Every structure is written in structure tokens, then in C-alpha cells.
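Understanding the architecture of this molecule
The chain contents come next:
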Amino acid sequence: MEGACSYTALHSPPCSTNMYNTGQPSCEIVYRRVKIEPDICYQSNGYMPPMAPDRFSENSCRQSQCQYSGPDRQVNCLTQENSTSCYPDRTNSCSKMSPHFSGPPDSPPSYPSHSGYDNSMSSSMSCVFGMQRSKKNQGMSIWARTQKLPQDKLKHVSNLYEGSQIPIEVRHYFAEWIEEQPWGQIDENNPSQQDQMFAQQIVQKLIEELENRAMELPQQNQYFLLRLKFQDVANQFRTQYSQNPMELVQIFKRNLAMEETLLHQHENPDASPIEAPMPAFDKDKLIMAKIDGVGAKVNDSDKLVKELTQKQEVFTINYQKQLQINSQINQTQSERYLATLSPEEIQRVTEARKTLEKQKKDFETVLSKGAQTIISARLEIADTLSKNFDDLEEVRQLVVDQELIDWKRKQQLAGNGAPFNPSLLENLQKWVESTVDLVWRSRQQVLKLEGLCSRIPLQLPDGKEDVVSKLNNKITGILSSIVTSTFIVEHQPPQVLKRDSRFSARVRLLVGGRLTIHLTPPTVTASIISEAQAKLLLRGPNRHPDNCCGKILNNSGLMEFHQQKGELSIEFRNMILKSIKRAEKRGTEAVTEEKFCILFQSSFHLGMTVNELQFEVWTISLPVVVTVHGNQECNAVATVLWDNQFSEPGRMPFVVPEQVPWPELVKMLDVKFRSLTERGLTHENKQYLATKLFGGTIDDNFSSKMVSWSAFNRDPLPNRSHTFWEWFYQAMKLTKEHLRGPWKEGFINGFISKQDSQRLLEKCHLGTFLLRFSDNFIGGITIAWLAEDRNGKKQIWNLQPFSAKDFQILGLAERINDLPQLHFLYPDIPKQAAFARFMTQTTHHTATADGYVQHKIQMRCDTADMNGSPVASENPQTPQPGISDHDSPLMSPSNAVNSTTGDGTNYMDMDQYDLQELPGIGMDYTADNVFELNDINLSNFLVEAAMNFSNNVPSNLNGNISNMDSST
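In the annotation of an unreviewed UniProt entry, the entry for the chain reads Signal transducer and activator of transcription, and the organism field reads Crassostrea virginica. Recorded in UniProt for the chain, the comment headed Sequence similarities (unreviewed entry) runs: "Belongs to the transcription factor STAT family."

And the structure:
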């Protein structure tokens, strides 16, 4: 048997199956708080089955080789027959388990599917990063394989750890421990409290391992430095990461991902390269290295320009001396001058003239060589500058065309709820400022070269072109591109913009801390323009729209320079959109599909004079949809989501595809839902959503399906009056506002069909229930539970769906607590254990000192008139008050909640009701907005108003107002 075995007494990670390509089940188990690393070679099939710690001898682990002695500790203990599985039934696969088990030590933990941890190792450690080991390397650790990489890749690994503040010695001596940790089970982007606790445990354990290893090392001199190293690193980690353990988790995950990428490239040279994101610190080092490289070349060209200046100064001095000699020679040849001299003096002058003529020839030779040297130097400098400008253009493309565009794309996706790190902009500003400094210096070099050339005009050799003016145009173009491209919207205005509501935005000039711009801060003006005007703006210079299509108050101000941060920016805090001018409708397009944007404009100059370089900069926000009433928000959000997710970089405003692949659409829905509710959609949820659009069953493959915009948010679902998005949006809104806690914990199935819920419940104990969103009633959630009818036959019953209005009166946890018919949350969680923490209603005493009788709101479910059988919504047997088409008419949320005094009598004061103030009745439309009524679901609006009225008026008003039928 080959390989190494190890165990670590660490808090339990989740289980998994099929970790490698062997096809054999293997798992990291939770049993007596011990984790068994499955990365062990076994000669017959290459894996070691999971086993309990009592299968090992005391000294069997923590050895470099698994060398056992004795018949009971030989390979037999590694065979599948003699191993202990994760569960008592000795099955060979593990179900989903939570990493925070604290149950009795003699029983394996068992958790329901609500824990939210993936069963697949694609999100956990060794398959963690999307690659499985090749079979020849299945028994080798990542670090063992990394050490066999070529020298260039090893250098990359060394730089990786050097830049991440994790010494390479820690990676080497603690390789086994590092690779054992279930990094993939920690979501560092959106960490939950459990993720934070788990990360804290890992950091604390690593510090203990470092300190223990330092103590265990021998006292010999050769280990002295290593002992100090481990102690220093332990102290550093304790100081730096004890309060922020997730930062260390991020670093380890990045480093391990990069190692896996390098290994994959080396071990699979013919395979397609993996698109692995470069760690931020690596990217920063790479870009700064490029900038520093160009900076060194700019320094060299600076030296060349200075040398040329000196050569031209020497040339000028020699030229002046030659002129003096020429003047003297001319004087010695003057007849008037010679006539005044004696013969002896004429002879001396003649000899002097010969000497001067010789000096003249010498100076002519020097000047000729000097001119050639100057011409050569000029050509060399021009060539050097040209190459420098090419390098600067490459850096500009990397920083502006790639990184800045990538940042803008991430900012756009953040509008849909995707994770977004605002600090990325600080790196961008650093890169931009470093680049623009070099560009400005290079431009000054060109200007100096132009000045030197004009002072001493020299004709270039045949075939050589004067490129100085072209170089000036080139570097000025690079400078202009950087300056105009780095005028950005740092904080976007809201993309659903309600008229007459206050909104804010922040604009920033990334080069503002350089080039003396901050010394005279420019003014920025904001205006709103239409899609057509935005297209005109992008077609070329001097195409700014003459008129905006709306009026914005508080839309102008001076940029401010923040000395500490080095930022030049302006924040518009109190803008208000007072009016909007819409375009004519195109076909079936609604006003909530019409896109606008906010245009920010400014101007300033650079250089020694005002007219040297004048810049007019502008930038536009992400598309915004203007609404006048909250009823339009649902459709407006759909327009914004579709645009953010599916727009292409560099598009013409604001073009989006008419249809998109279903996997991309459901990814968008998942991200949005997760951002609002703190937990995303499960695979089963996504499959169910697909059936809403395409039909079929949740077992079908929808990966090749396409979804059009019309199917998403224009056309109603089959046999329904609402669209797919309207139904999904209302479920998401209900969860965000009233169900976030239970949803986050996994206690709500949510997106599941009635048939599937019945299939799950029919195998459970009586009183088992689950919660799902209603198919028919948008913004409603129903409870399905297993009960017996009067004949003792099991039946699945469904409560009439609860809406947001119901939860404003009484929360979900209180309603579930009040219903004695409900015992276990599916599959077998006692309802008190699941929902007790979410109860907020306080218990009232029956008597008070002021003489009033206390009351409480309580939920009840009356099934007495159901004749012993639940009623299916497909074939109602009784009227369904309050909602026109419910899943089940067992109860109405509106009349199931009673508020009474001690004697059971309802009282009311008629004077307290002002019809204009009743919720849902008020409207904020003006005469200018009447044409937009077509885009508001008037039926839903009136139903909502009627339900608000019924929820706010006592039941004895005008007979029995609580039985109002909202379908009217």
C-alpha cells in the first residue's frame, strides 16, 4: 500500500461523494468530531473509504507512510467491508450535512436539506477549483505535484505567496493541513454567521498548529530560524486575522486556485486553458510591473533628451566660435583695413588669417560631426519615444480598455445584486495616475524635442521622415483618451427613478489628483437624456444633445479634492427629477421599457496656458427607467435587470438581445434573489422556474432553451393573468420583506409545485408541512401539510395563501405556532425548533393597572366545514373569499385573524377613518401622467386598494367587510 494517511481533530466539514475520478465513493466524514482525509492511495482501487477513528490504532496516523503492524491494523482496516460509513446503515454515500454539528459524540449527525451546503465537491476542496486530478496523480497532494512544476511556474508560485503575506515555508511544512481544510464550503463573498465562525476556527487552529510545530522542533541550530519563523507567523496571523479571519480564507483559496490552474496547464498541455480569475494582488503586481517597466524607459528617454540638449548647447557654442572666426577672417581680408597696416603688420595678419582659416576648417569639421550626431540623437530619441508611446498605449489599453471596462461591467452587474468590491477603484486610480504621469512626462519630452529641433534646424538624411509632430499628436491622443475615459460615475443613480423623488449620484475623475486639475476644480452638470440622444452622443464629437428630456433640480456643483484620499469627485446628494418628456411609443413597448440615462458633463484645461489643452469630458450613467407610481416598479425592475445582465460592452445605447439562454437568465434570477434574501435558489428551485416558462417536469433538461423578453415580462403565463416576472418578483419581494429569516435558514421550499410538495409530504408523519409560493396568487405563500380526514385517510391540505398584508398583521412564525395541525417542518424538524427564533409577538396579561382588558391576535384554521376532505384548488367545492383563484380555500388570511375584547365584542370609531388616507387608495398621478395609466395594472391596483381597505376597517363596518371579494 502506498500513500499517506492523516486525520485532524477539527470541527466537522460537510460530507461529499465522488471526490476524484475513480468513480468510488469517498467522503470527508463527521464522526466524533474527527475528519478523515480521503486523499490516500489504496493499491486496489486508489481510495480509502471513510471510517470512524476507532478503526485506527493510536499511532497509525500522522506518518509519512501508512505502515501498519498487526493483522487488525493491516490493509484490512482500509477495506470497504471493514470501514464505517457516515451513517449507521453503512451506506457508501453521504447526504448533505452542516459544518457546525454539536450533537452527542456517539451518534453521527444528520441534517435536512435545509442546511444549504452542496453535496457536490465541485464547491469543496480538492475538486474545489473546478478541476479533478488526473488518475496518475490521484494519490499525490497538490503541494507534492506543485513541487514538480517547471522552474518558471515555481517562480510564479513563489511570487504568489510572497505577495500574499503567507510565507512559502508555511505552505511547505503545513501543506497537508492546509489541503485538508474545506475551503470550498466557506462563501467568502457573502459570508453567513456560520461561515464567519468556521473561518475563525480555521484561523485559530492554524495559529495553534504553527505554535505547536515551533515547540516541537528540535533545539539544534539548523532549526533555530524555522522556529523563529513559525512563531513570528503565528503572532502575525493572530494580530492581522483574528478579527478578520475571512481575509485569510480568501488568500488561501486564491493561492490554492492558482496552484490548481498551474498544475492543470502543466499536466494537460493539450487541454483548453482554464479561465481562472487572477488574484487581485497578482494583477496589481503585474500591472504595476508593466507601468514600472515603461517608467524605466521614460527615464532613459529623459536622459537622451538631456544629452541632446547638451550636444546642441555645445554645437551652438562651436557655431558661435565659428562665426567669430569668420568675422575675423573677413576683417583680415578687408582692403581698408590692410591699407592702414605696414608691410610687417600685413605679413603677421596674413599668417594669422591662415591660422584662422585652419581653425575655421577644424570648426566646420566639428560642426559637421556635431550636426550628424545631433541628427542621429534626434532620430534615436524619436524612435525611443515612439516605442515608449507604443508601450504606454499598451498600458492604457490594459488599464482603461480592459480593467476600467471590467470594473464598469462589475458595477453594472452589481445593480442586479452581484458581489462587488468598491475598493477595486482604488487600484484603478493608482494605475491610472501612474500611467498618466508617464504620459505627461513623455509629452513634455516631445515638446522639448520640438523646441530643440526648432532652435537648430537640420535637414534629415534622405529617406528619413520628420516624425516629431506625429509623436506629439500620438501622445496627446493617449493623454486625451485617459483623461476623458476616467471621468466616471462612481456611485450610480437609482436605475428605477421615480419622478419627484430625491436621488443621489457620485462622479469622480481618476486623474484629478494629477496634472494640477485639482488646483482649479471644474464644475459638473447633470441632465437626463433619452436613448436616442445617448446614441447621438456616441456617434462622434460635438454631438452633445441640444436639449435634455427632463428637468433635474440641484444638478450642478464644483468637484472637491479630498487630500487624504487623493480623490477629485463630486457627490450630488439632493437631485430631484421634476419632469420628463417621453418619446412616442413603439409598438407594444410600455413606458416602463423606455430607457433614459443621466449625462454628467464638465470642462477644464491642462498645460501652461489656457488654450494649450482644453478638455470637455462627459459620461453617462447606467440606463434608468422613470416611473410615476409604485405600481410600475415591478416592470421597471425587469427592464433594468435584463439590460444590466445581457448588454454587451461597447454597445450602442441601449441595445439588448431579444432572447437569451435559460441558464443565463436563471443565473440572473438567482443572483438577484440571493442579494435580497441572503440565500440563492436551489437546483430544484431553478428547475421548477423553468417549468413555469417551458412546461415539462423538473427532471427535464432546459439548458438549451431560449427565453424571449416577451415571455419574460410581456406575455402572461398560460391560464394566468400575470407574467412570469410579475409572479417571481412578488415572491421575491414577499421573501425580502417578511420571510428573510426562515428563507435564509432553508426552512422555506418556496419554488416547488403543488404536485411535488404532495409527493414529498405523503411519505412523512402526520402534521408534517412545508411552505411554497402559490402558483396562482402572486405574492402569496401557502402551507401544505399532511393530515387525516374523518375516515382516517391521509390527505394533503393547503392553506389559502398569505400575502404581505397578512404578515403585517401577524408574522409567519406566529401563524405556524398558532396552528395545532402543524407539527414538523419537512422532513422532520419540530416546528418550534425551526420557527421559535423568528417569533416577535409578546404575550399580554389579561389585566392591567389602567383597567383595560388586553387582547392578542391569534391565527386559527377552521376545517370543520370541509366535510372531512381537503379541497383541491383545481376543483373548488366551496367559495374562496378574498382571492379569486387560490391554491386552497381552507382559510382566508384576512378573516382568520381576530381582534376582540374580553367579551368578544368588536368596537370601532367611524371618525378615525378618512377614505383619502386608507392604504392603497391614494394616487400620485397628475394630469400630465394620465397617458401612463395604460402601463399600470389597474385591476391589481384596485384589488390591492380593496384588500387594504378590508384590512384596516373592522369587520362589522357595513355588515361584514372582511368577506369582501377582492376579485371584484
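The discussion continues.
**Here we look at the overall build of the chain**
Tallying secondary structure elements over the chain gives 24 helices and 22 strands in all. Every one of the 968 residues in the chain was classed for burial, and the buried ones make up 46%. Sequence separation of 24 or more characterises 69% of the internal contacts of the chain that already satisfy a separation of 6 or more.

**Some remarks on the packing of helix α16 (residues 683-694) against helix α18 (residues 724-738)**
Following both chains from N to C, one finds α16 and α18 inclined at 150 degrees, their axes separated by 10 Å at the closest point. Classified by the angle between their axes, α16 and α18 sit roughly antiparallel to one another. Of the residues in α18, those touching α16 at Y688, L689, K692 and L693 are F724, W727 and F728. Taken together, the residues that form the contact of α16 with α18 break down as six nonpolar, no polar and one charged.

**So, the side chain of Q181**
One can find Q181 in the loop between α4 (175-180) and α5 (193-216). Residue Q181 is classed as buried on the basis of its relative accessible area of 0%. At a separation of 2.8 Å, a polar atom in the side chain of Q181 contacts the main-chain carbonyl oxygen of W177.

**A word on the pattern of salt bridges**
Pairs can form between side chains of opposite charge whenever their charged atoms are close. One pass over the structure, following the stated rule, counts 38 salt bridges. Of the charged contacts in the structure, one is a salt bridge between K297 and D391, with a shortest N-O distance of 2.8 Å. Placement of the pair is K297 in helix α8 (residues 280-332) and D391 in helix α10 (residues 343-414), with a sequence separation of 94 residues. The exposure class of K297 is partly exposed, given its relative accessible area of 39%. For R508, the salt bridge goes to E567, with nearest N and O atoms at 3.4 Å. Of this pair, R508 sits in strand β5 (residues 502-509) while E567 sits in strand β10 (residues 567-580), and the two are 59 residues apart along the sequence. Like E567, R508 is buried. When salt bridges with common partners are traced through the structure, they connect E426, E490, R506, R508, E567, E571 and R573 into a single cluster.

**Here we look at the packing of aromatic side chains**
Scanning the entire structure with this criterion turns up 29 aromatic pairs. Over the face of the ring belonging to F174 we find R213, whose NZ or CZ atom lies 4.7 Å from the ring centre. Its guanidinium or amino end placed over the ring of W743, R679 lies 4.0 Å from that ring's centre, counting from NZ or CZ.

**Side note on the sheet that holds strand β12 (residues 613-620)**
Strand order in the open sheet formed by four strands is β8-β6-β11-β12, and the pairing between neighbours is antiparallel. Because the sheet does not close on itself, it has two edges, and the strands there are β8 (556-558) and β12. Within this sheet the neighbouring strands show an average axis-to-axis angle of 25 degrees, counted without direction. The sheet contact formed by strand β6 (residues 523-530) and strand β11 (residues 596-606) spans six bridges and is antiparallel. From the neighbouring strand, A526 faces β11, where its bridge partner is F600.

**Here we look at the pairing of strand β3 (residues 487-491)**
Of all five residues in β3, four are buried; the element is thus mostly enclosed. Sheet analysis places β3 next to β5, joined by four bridges and oriented antiparallel. Along β5, the bridge assignment pairs H491 with R506.

**A few points about unusual backbone geometry**
With an omega of -20 degrees, the peptide bond between P653 and F654 qualifies as cis. Note that F654 resides in the loop between α14 (633-646) and β14 (659-661). A cis amide bond, omega 5 degrees, links Y826 with the succeeding residue P827. We note that E678 has phi near 75 degrees; this positive angle belongs to a residue other than glycine. Residue placement: E678 occurs in the loop between α15 (662-677) and α16. The exposure class of E678 is partly exposed, given its relative accessible area of 41%. Phi at N719 takes a positive value of approximately 60 degrees, unusual for a residue other than glycine. Relative to the assigned elements, N719 resides in the loop between α17 (709-713) and α18.

**Some details on the sheet that holds strand β18 (residues 794-798)**
Backbone-to-backbone hydrogen bonds pair the strands of a sheet. The strands run either parallel or antiparallel. Strands sit in the order β18-β17-β16-β19-β20 across an open sheet of five strands; the sheet is mixed. In the strand order of this sheet, the two ends are held by β18 and β20 (829-830), each with one partner. Note: strand β16 (residues 768-773) against strand β19 (residues 824-825), two bridges, orientation parallel. Following the sheet pairing, T768 is matched in β19 by F824. The strands touched by helix α20 (residues 754-761) within the sheet are β16, β17 (781-788) and β18, with β16 carrying the most contacts at an inclination of about 165 degrees.

Conventions used here
- Residues numbered from 1 in each chain as written.
- Predicted model: local features only at pLDDT ≥ 70, side-chain atom pairs only at ≥ 80, totals over all residues.
- Heavy atoms only, no water.
- UniProt positions renumbered as here; feature names shortened; annotations may be inferred.
- Helix = DSSP H or I, 4+ residues; strand = E, 2+ residues; numbered from the N terminus.
- Buried < 20%, exposed > 50% of the residue type's maximum accessible area, 1.4 Å probe, protein only.
- Contact = heavy atoms within 4.5 Å.
- Axes fitted to C-alpha atoms, helices over the stretch in contact; angles between N-to-C directions.
- Parallel < 35°, antiparallel > 145°, perpendicular 65-115°, else oblique.
- Nonpolar A, V, L, I, M, F, W, Y, C, P; charged D, E, K, R; others polar.
- Polar contact = N/O pair within 3.5 Å; in protein donor to acceptor, adjacent residues only side chain to side chain.
- Salt bridge = Lys/Arg side-chain N within 4 Å of Asp/Glu carboxyl O.
- Phe/Tyr/Trp six-rings, centres within 6.5 Å; stacked < 30°, edge-to-face > 60°.
- Lys NZ or Arg CZ within 6 Å of the ring centre and 35° of its normal.
- Pairing = 2+ DSSP bridges.

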